[in-house]
Amino acid sequence: MVLAIDLSNTHIAMGGIEDGTVYFSSRLSMDKTRTADEYAVLMKLMADQHGTDLHHMEGAIISSVVPDMTAVLRQAVITTAGCIPMIVGPGIKTGLNIRLDDPTTLASNFVAAAVAALERHHLPCVTVDLDTAISIGVIDGKGCYIGGAIAPGVAVSQVALSYEAALLPSISLEAPGKIIGKNTEGSMRSGIIYGAAAMLDGLLDGIDRELGERATVVATGDWADTVIPHCRRAGIIREPDLLMCGLWLIYRKNRK
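**Brief notes about the sheet that holds strand E7 (residues 125–130)**
- Reading across the sheet, the six strands line up as E6-E9-E8-E7-E10-E11 and stay open at both edges, with mixed pairing between neighbours. Two strands in the sheet have a free side with no partner beyond their single neighbour: strand E6 (97–98) and strand E11 (237–238).
- Lying on the sheet, helix H3 (residues 108–120) is in contact with E7, strand E8 (133–139) and strand E9 (144–152); it crosses E8 at an angle near 45°.

**Focus: the pairing of E9**
- Relative to E9, E6 runs parallel, the two being bridged by two bridges. Counterpart to Ile98 in the pairing with E9 is Tyr145.
- Where E8 meets E9, seven bridges bridge the pair, whose relative direction is antiparallel. Each bridged residue has a counterpart across the sheet, and for Ile136 the counterpart in E9 is Ala149.

**Some remarks on the side chain of Asn109**
- By the element assignment, Asn109 lies in helix H3.
- The residues touching Asn109, leaving out its near neighbours within four places in the chain, are Asp6, Ser63, Val65, Asp129, Ser135 and Leu243.

**So, unusual backbone geometry**
- That bond from Leu123 to Pro124 is cis: its omega, -5°, falls within 30 degrees of zero.
- Tracing the chain through its elements places Pro124 in the loop between H3 and E7.
- Positive phi is not limited to glycine here, since Asp19 has a value of about 55°.
- Inspection of the secondary structure assignment puts Asp19 in the loop between strand E2 (11–18) and strand E3 (21–29).

Rules used in this analysis
- Residues numbered from 1 in each chain as written.
- Predicted model: local features only at pLDDT ≥ 70, side-chain atom pairs only at ≥ 80, totals over all residues.
- Heavy atoms only, no water.
- Pairing = 2+ DSSP bridges.
- Helix = DSSP H or I, 4+ residues; strand = E, 2+ residues; numbered from the N terminus.
- Contact = heavy atoms within 4.5 Å.
- Axes fitted to C-alpha atoms, helices over the stretch in contact; angles between N-to-C directions.

See below:
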């Protein structure tokens, strides 16, 4: 079994994967004040809850979009699993043909999602990761990664509204029953949730036009189950473990 860790700006996803199947997964909050020892304790507790001994792992791999925390998580893995994890970045084999102005700038979460999509889904394919940001990656019909789009995530939008507008409160985020809100909180929820869904619909339609054909769309991330049901686009595949599977595939390509 391989320990896969995806470090985002808001949380750390940890999973145990074998032969492409995720046997357990856990979430930890991302806190820059925590030390490697603290994360090691938390990781061991999460693994123990699933009856897993991290020292029995074949190896480990980390995807990180928070450079300051990468070394912290690396040391935590060494402490808990007794192995040096692979870090997704330049020099790691992915199998992707990345057609960007500078391929080295493609963030590791985009890479992991694209690797999994290329292996598991019909091309062309669009990956949508609804997390801190809404991260969209595009793989064309030839299997080339050709670019994407990045937009504020729903939680970021909510925080920005509450912070910048004095009369707008901090709210919980779930879709209201109707688009037309009857109070401030309902109107904010409508604008954020239904607005994100409408934005996705518009971006996906535009991507189809630029590709010249309709793409397969695969959605993942903490907010996928909240936003995707309100998209007009039919057939969006929700795959919660997309990045975990991508990390396992990258590990497999690089193991010695």
